[in-house]
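Given next are the chains, with one letter for each unit.
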Amino acid sequence: MENLKSQLTALVLQALESLYGLQLETVDFQDTRREFEGDFTLVVFPFTRHSKKSPEETAREIGEHMLTASDGFLASFQVVKGFLNLSIADVHWLGAFQKAAQTGFTAIAPSAEVAAMVEYSSPNTNKPLHLGHVRNNLLGFSVAQIVAASGKPVKKVQIINDRGIHICKSMLAWQKLGNGETPESSGMKGDKLVGKYYVAFDQAYKAELEVLTTTGLSKEEAERESQWLQEARDMLVRWEQNDPEVLALWNTMNSWVYAGFDATYKELGVSFDHVDYESQTYLLGKKAIEVGLEKGVFFKKEDGSVWIDLTDEGLDEKLLLRRDGTSVYMTQDIGTAIQRFSDFNIDSLTYVVGNEQDYHFKVLFLILKKLGYDWAEHLYHLSYGMVDLPSGRMKSREGTVVDADDLLAEMTQTAAKISEELGKLDDFSEVEKAHLHKIIGDGALKYFILKVDPKKRMVFNPEESIDFNGNTG
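In short, a report on the structure.

It is worth spelling out the pairing of strand β2 (residues 40–43) at this point. Here is the key point about a regular strand: its side chains alternate between the two faces of the sheet. Taken together, the 2 bridges between strand β1 (residues 30–31) and β2 define a ladder with antiparallel strand orientation. Residue pairing for β2: Asp31 is matched across the bridge by Phe40. Taken together, the 4 bridges between β2 and strand β4 (residues 83–88) define a ladder with antiparallel strand orientation. When the bridges of β4 are listed, Thr41 appears paired with Asn85.

The next thing to look at is the packing of helix α6 (residues 165–177) against helix α10 (residues 227–240). The interhelical angle for the contact between α6 and α10, taken along N-to-C directions, is 115°, at an axis separation of 9 Å. Between α6 and α10, the crossing angle belongs to the class labelled roughly perpendicular. Crossing of α6 over α10 shows right-handed handedness. Contacts from Ile165, Cys168, Lys169, Met171, Leu172, Ala173, Gln175, Lys176 and Leu177 of α6 reach α10 at Trp228, Leu229, Glu231, Ala232, Arg233, Met235 and Leu236. The class makeup of the residues in the contact of α6 with α10 is 11 nonpolar, 1 polar and 4 charged.

What follows is about the sheet that holds β2. An order of β1-β2-β4-β3 is seen for the 4 strands of this open sheet, with the pairing classed as antiparallel. Every interior strand has two partners, whereas the edge strands, β1 and β3 (74–80), have only one. In the packing of helix α3 (residues 55–69) onto the sheet, contacts are made with β2, β3 and β4, and the angle to β3 comes to roughly 175°.

On to unusual backbone geometry. Both trends apply: most residues other than glycine have a negative phi, and most peptide bonds are in trans. Although it is not a glycine, Asp71 adopts a positive phi angle of roughly 55°. With respect to the helices and strands, the residue Asp71 is situated in the loop between α3 and β3. Its relative accessible area of 74% is what places Asp71 among the exposed residues.

Following the criterion strictly, the structure yields 17 aromatic pairs and no others. On the numbers, 5.6 Å between centres and 85° between planes, the contact of Phe201 with Trp228 is edge-to-face. You can see Phe201 sitting in helix α8 (residues 190–214) and its partner Trp228 sitting in helix α10, a full 27 residues away along the chain. The residues Phe201 and Trp228 share a single accessibility class, namely buried.

Attention now moves to α8. The first and last C-alpha atoms of α8 sit 37 Å apart over 25 residues, in line with the 36 Å expected at 1.5 Å per residue. Where α8 terminates, the next one or two residues include Gly216, which has phi positive at roughly 105°.

Rules used in this analysis
Residues numbered from 1 in each chain as written. Predicted model: local features only at pLDDT ≥ 70, side-chain atom pairs only at ≥ 80, totals over all residues. Heavy atoms only, no water. Pairing = 2+ DSSP bridges. Helix = DSSP H or I, 4+ residues; strand = E, 2+ residues; numbered from the N terminus. Axes fitted to C-alpha atoms, helices over the stretch in contact; angles between N-to-C directions. Parallel < 35°, antiparallel > 145°, perpendicular 65-115°, else oblique. Left-handed = near helix turned anticlockwise from the far one by under 90°. Contact = heavy atoms within 4.5 Å. Nonpolar A, V, L, I, M, F, W, Y, C, P; charged D, E, K, R; others polar. Buried < 20%, exposed > 50% of the residue type's maximum accessible area, 1.4 Å probe, protein only. Phe/Tyr/Trp six-rings, centres within 6.5 Å; stacked < 30°, edge-to-face > 60°. Expected span 1.5 Å × (residues − 1).

What is shown is where atoms sit, not what they do.
This is the structure:
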């Protein structure tokens, strides 16, 4: 890359001296904006007082001179007002990539020790991974791979949300309806089995509400009277009180889920260097709140709850500790970030999280800066749009999701079907065919997901994703 810029700089300097007698040591380029053709852009406004011509005429004159003198290095140029967009010939880009591949990507001088951390996936333990998780994992793993290619160490992490009312709902439904069913007895992956009971809870809860409302109760009154919901809440309280029976069931069902997650990650081709669990981190951050109170960063209301006032920054007041002293998600994230920079030798942390959390991360980063952490300047939120189905938004509790395992299997099966129809693999053994079908299917899925700008909300059309014609992997 730098060699290409050096060659481009030499051509510009030669053109400026030849055309206007202007002798400079260097010039600055910008990356050409996406909506225009070109690789690098030269701003020509500073040269118009020497050319005595309009910005457009000056840009065109410089571009024509460079094109003639470049001996094929410059493929073309485009003038947009006072900007000269320059396109380098493909053969020279190819040469630069080949050289980088041979010598290593050392454009960034890496530290031998300090790493960049990327957090992605971070699922809940009440359901298997679905299409939304696939987009998250592919984005996060790709970012980690790109950073690693620059020569910088990378720490890939996830935090599993293994506590809360959601897992208690699955546990309660299994207790009431499961008859001791296990992944072994059912033949189901553990995460799918737990997800089955999460859906079962929702179905039983809705049926109960329907019965209650027929007795004349309002929806709100029925929700308060719901035995299913009350028992789930009671189970959460017992979990927080370290009830041995609840903890034993929680550990058992979560172990089923973790085994299922690991199998899906392996199939998807992603991995992690470190895993955190919310059950072990949810109390982190309370000490930071105490420090913030002492510094005057936070304030306490009359009911004892702790807040931060961000109205001067165009935001609002944010709750950090409830009046009973329990933490909220923001508190946990503050503590987890501090813990990570303490435990690991990292200089940046990128969170790959959907755009519904844009405001959350804006507040989180601002709080950490106000607490005085220098590394807070190097926190990033890779925000991405949700994945919808043609029929609308996916809903885990209703079971209307595209399961990640099923999707991967379907892509491989489709690759096999099309390969068979084309007859391209007739000389391959069955083992070779299966291996290639897996590669083609996974590649098509990954390309379908990654070709969309992360910030855009995307519609996943299963039929389109397995079309092996057109703009596909």
